[in-house]
Structure formats: C-alpha cells, structure tokens
Amino acid sequence: MRSGLSTTRFQWTQLYALTFLHFVIDTFPGTIAAILPAVRIHFSLSLTRSVSLITICYISSNIFQILLGHVRSHKKKPLLLTIGIALAPAICFIVFVPVFKGAYWLLASAMFITGFGVAVTHPESLRVLHNLKRIPSALGTAIFLNGGFLGFSAGAFFGASLVQAFGLAGLCLMILPALICVALIYIFHIKLAVEKPEKIHTGVKETYSFWLLFVMSVPVTLTTTILLALLPTALAEMEFKLAYGGLPAAMLGIGAITGSFFWANIARKFGQLNCAFISEALAFPLLIVYLMLIKNPWAVILLLPIGFCSGAGYTLLVSMARHSRNLVLGQRMGLIVGGAWGIAAVILVLIGPLAEKFGSISVLNFTPAGYAAAAIIGFAAVIRNRRSN
C-alpha cells in the first residue's frame, strides 16, 4: 500500500466508509419488525408465526457471529464482509413469495439468509475498526456502532414507509445502497486487523474481564430486542398507521447516536464502566414513563432519551470489550455483538406466544427490568473494583 494511506486523515475516511456500510447492512434486519403488520395481513399469519420471522432473522444474524467471529483471523482481505453485503438484502425479495400454504417457510428462508448476511459482516467490520489505530477507541466505536443504530432505525422507518406507499415491492429500492457498499470496500482499501497475542493498548485506562461486560450487555440487548420486535405490532393494534410503527426504532436509534458521542466524551473523565451503568440506570425510569403514556401519539418522542441512555451504555460496553481480558479479539467481538443479541433473539422465541396470549403491551411492561439489571451489575462491579483498589 502506497505511503500516506495509514495517516490519521485516511483512517478517518475509512471509518466513515465502514460506518456507512454498517448503516446499510443494518437497514435490512431493522425493516422486519416495522413491516410485520403488513406481512402478517398479506400472508394471513398468526402473531406467533409473525414474531418467529423476526426471531429467525435475529438468531441467524447473531449466532453466526459467534461461530464465525474467529474465522480467517490471520487474513486481511474482507471476504466475508463482501459476501454478507450480497446476502443481507434477501428480505427485499419477499415480494416474489406467492400467497399459499407454504409461504411461511419461504419467508423464513429469506429471514435466515438476511440474518446470515448480516452476521458475517459484523465480526470482520469490527476487525477493520480495530485496525484503525489512530482513532480513539471509545470515539471510533461510538461512530461505527451509531452507523448500525441509525441503519436499523432508518430501515424500520423507510421500510415501513416504502411498504405503505408501494406495497412489499417497495423493499426492492433498499437493494441499491448495498451495491455501493461493495465498491467502497475496494475504493478505500478496507483491510482487517490480523489477530495476534494481544497487549493492552497504551491509550486504554480501563480493562475489565470480558465476561463481566458480556453479562452486563445481555439484559440491555434483551430489552431493546423486545421493544423493537413488539412495539410496531402493539402500535398497529392501537390503530396507528404502519409508518408510525417504524418511529420507535428511529427514535431509539437517533437517541443512541447522540447519546453515544455525549457519553463517550464524559467517559474520558469519569470512566467507561461508570458511565455505562449510570446511563442504563437512567433509561429504566424513562422507559416506565413511556409505557405509561404509549397511547398518546406524541409519547414516541420519549424514546429519544431512552435510546440516548441505553444505546450509549451498550456502545461503551463494546468499546471496553475491544481491550478487555479473556479470549481473542474476534471471539470477543462475536460474543459482545452476536452473542448478546443472539441470546435476546432466542428468548424472543418465548415472547411471541406470551404476547399472543396476554397481549403485546403486557409483555412490554416488563422490559424496563432489563435496563435496571444491567445498571445493578455495573454498579456492583464498580464497587467491587473500588474495594479491591
């Protein structure tokens, strides 16, 4: 590679390209829950089967991150990243699925392929991020993850809007940005970090056990997954329009984006783990208030501060996991992203029947407990560390 490509300026350019790629990839799984009411009506699916489509995509998109997180650990070319971009838009082709008795299995196959495509991109994307040594860890991680938050949110809003305007055929318009992403990989010389026996980065002040960070992340991802999966259906049951059902994901994503930058800067002074548990603690009462006021159209705005806190807390956990103890980089990234969200997706299998039996709102009322659990785990770890020091 010619001289100058590893400069700070070029690494920032690579980060922006990588963030755009993350944005595009995550639009596809973000679309599913938002268009679910339309898919459910078009194919005459029960709520349990409809929610299972979300579950299939979420499990596929996360479990394979764990299985493939350490694959090609000594390779620099982003082969799986390219393959994932090609597979992720599979959801856009459900318009070609005929309405017949076995349609569910074709829909499930599309969800699985989309999930697999998303899964193979994330570990390699995070290895690319780790290769950008001149960008501060917390800030670089916040920017990259925010691309995913924004993409997931945009997928929900624009996917619902396209389906509302053009039917399921509108989803095909979402394929075009994926083609751009393939070109960006080669234009900006995207390369993976080669995994080696690791030393703690000199710029990192805090190092924790990976397993602490992982356990703390699971209740956060579980709560967020249930919110994203059930809110569009719950709002449709309240007779809100389909496009409105895409707003919760958009509000959570926008809030997470702004919050990540705010908390990343605060964390430089007060510590990442301190800020992670405080942000999740703040999300707990905010979510309770939102659920109390959910029937009011303006209440969706309350999801902005919820995302501002909960999404930022998770971003800090991923940042700490990059330089934590235990396992190697690819495995840590596969678990903190794929594992945490994958566990949430598996639990979502049980949520569908419960929502159908007791109602979506009844299930949603339990979700604040996840943010509270993460805050308690983080607070206990901070106290234990202070006593040991």
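Now for the overall build of the chain. When you go through the chain residue by residue, the secondary structure sums to 14 helices and 0 strands. Taken from N to C terminus, the helices and strands of the chain fall in the order α-α-α-α-α-α-α-α-α-α-α-α-α-α. For 389 residues, the compact-globule formula gives about 21 Å, and the C-alpha radius of gyration of the chain, at 20 Å, lands near that figure. Here the chain, with 389 residues, has 59% of them falling under the buried criterion. Counted over contacts in the chain with a minimum sequence separation of 6, partners at least 24 positions apart contribute 87%.

With that settled, the discussion passes to the packing of aromatic side chains. Scanning the entire structure with this criterion turns up 16 aromatic pairs. Each ring, one from phenylalanine 64 and one from phenylalanine 112, has its centre 5.7 Å from the other, and the planes form 80°; the classification is edge-to-face. Residue phenylalanine 64 is located in helix 2 (residues 47-68), and its partner phenylalanine 112 is located in helix 4 (residues 103-130); the two are separated by 48 residues in the primary sequence. Considering the side-chain rings of phenylalanine 210 and phenylalanine 214, the 6.0 Å spacing of their centres and the 25° angle between planes classify their relative orientation as stacked. With phenylalanine 210 and phenylalanine 214 both in helix 7 (residues 210-237), this residue pair falls 4 residues apart, about one helical turn. Its relative accessible area of 0% is what places phenylalanine 210 among the buried residues.

Right, let's talk about the packing of helix 2 against helix 7 for a bit. In contact at an axis separation of 11 Å, helix 2 and helix 7 are set at 150° when each is read in the N-to-C sense. Considering the angle they form, helix 2 stands roughly antiparallel to helix 7. The two elements helix 2 and helix 7 cross, and the hand of that crossing is right-handed. Contact residues: helix 2 offers Leu47, Val51, Ile54 and Tyr58, while helix 7 offers Thr225, Leu228, Ala229, Leu230, Thr233 and Glu237.

The description of two packed helices rests on the angle between their axes and on the distance between the axes. Taken N-terminus to C-terminus, the directions of helix 9 (residues 247-270) and helix 11 (residues 303-322) make an angle of 55°; their axes are 6 Å apart at the nearest point. Considering the angle they form, helix 9 stands oblique to helix 11. Two packed elements cross with a definite hand, and for helix 9 against helix 11 that hand is right-handed. Here the residues of the contact of helix 9 with helix 11 sort into 16 nonpolar, 7 polar and no charged.

As a further point, take a nonpolar patch on the surface. A cluster of nonpolar side chains, contributed by Phe284, Ile288 and Met292, occupies part of the molecular surface with about 290 Å² of accessible area. Looking at the secondary structure, you find isoleucine 288 in helix 10 (residues 272-292). Note on isoleucine 288: relative accessible area 32%, which makes it partly exposed.

With that settled, consider unusual backbone geometry. Non-glycine residue serine 44 carries a positive phi angle of around 55°. Position of serine 44 relative to the elements: it lies in the loop between helix 1 (8-43) and helix 2. The phi dihedral of glutamate 239 falls on the positive side, at around 70°, and the residue is not glycine. When you line up the elements, glutamate 239 lands in the loop between helix 7 and helix 8 (242-245).

Next up on the list: helix 11. An ideal rise of 1.5 Å per residue puts 28 Å on 20 residues; helix 11 measures up with 28 Å between its terminal C-alpha atoms. Counting buried residues in helix 11 gives 17 out of 20 residues, a clear majority hidden from the surface.

Now for the nonpolar core. Ranked by size, the top nonpolar core spans 122 residues in total, and within it Val39, Ile94 and Tyr290 carry the most contacts. Beyond its immediate sequence surroundings of up to four residues, valine 39 is in contact with Ser44, Leu45, Leu53, Ile94, Leu107 and Leu168.

Put simply, the chain has an average pLDDT of 85, and 91% of its residues get 70 or more. Model confidence for the chain, summarised as mean pLDDT per element, is weakest for helix 8 at 81 and strongest for helix 10 at 94. Predicted confidence for residues 200-204 stays below pLDDT 50, and this span has 5 contacts to residues more than four positions away or in other chains.

What follows concerns the side chain of threonine 315. Within the element layout of this structure, threonine 315 appears in helix 11. What threonine 315 contacts, discounting residues up to four positions off in sequence, is Thr141, Ala142, Leu145, Phe149 and Ser260.

Between its terminal C-alpha atoms helix 7 stretches 41 Å, which fits the 40 Å expected from 28 residues at 1.5 Å a residue. Roughly 35° is the biggest bend found in helix 7, and it falls at leucine 230, with proline proline 232 one to four residues downstream. Within helix 7, 23 of the 28 residues are buried, leaving the element largely enclosed by the surrounding structure. Positive backbone phi, at 70°, marks glutamate 239, one or two positions downstream of helix 7.

Let us now look at the state of the cysteines. Counted by the stated rule, this structure contains 0 disulfides. Cysteine 309 provides the cysteine sulfur closest to cysteine 275, a residue in no disulfide bond, and the two sulfurs are 11 Å apart.

Along the chain, threonine 225 turns up in helix 7. Each residue touching threonine 225, except ones within four places of it in the same chain, is listed here: Tyr58, Trp341, Ala344 and Leu348.

Conventions and cut-offs
Residues numbered from 1 in each chain as written. Predicted model: local features only at pLDDT ≥ 70, side-chain atom pairs only at ≥ 80, totals over all residues. Heavy atoms only, no water. Helix = DSSP H or I, 4+ residues; strand = E, 2+ residues; numbered from the N terminus. Rg over C-alpha atoms; globule rule 2.2 N^0.38 Å. Buried < 20%, exposed > 50% of the residue type's maximum accessible area, 1.4 Å probe, protein only. Contact = heavy atoms within 4.5 Å. Phe/Tyr/Trp six-rings, centres within 6.5 Å; stacked < 30°, edge-to-face > 60°. Axes fitted to C-alpha atoms, helices over the stretch in contact; angles between N-to-C directions. Parallel < 35°, antiparallel > 145°, perpendicular 65-115°, else oblique. Left-handed = near helix turned anticlockwise from the far one by under 90°. Nonpolar A, V, L, I, M, F, W, Y, C, P; charged D, E, K, R; others polar. Patch = residues over 30% accessible without salt bridge, like charges linked within 9 Å, V, L, I, M, F, W, Y side chains within 5 Å. Areas by Shrake-Rupley, 256 points an atom, 1.4 Å probe, with all protein chains shown as cover. Salt bridge = Lys/Arg side-chain N within 4 Å of Asp/Glu carboxyl O. Expected span 1.5 Å × (residues − 1). Core = buried A, V, L, I, M, F, W, Y, C linked by side-chain atoms within 4.5 Å. pLDDT = per-residue confidence, 0-100. Bend = angle between axes of the 7 residues up to and from the residue. Disulfide = S-S within 2.5 Å.

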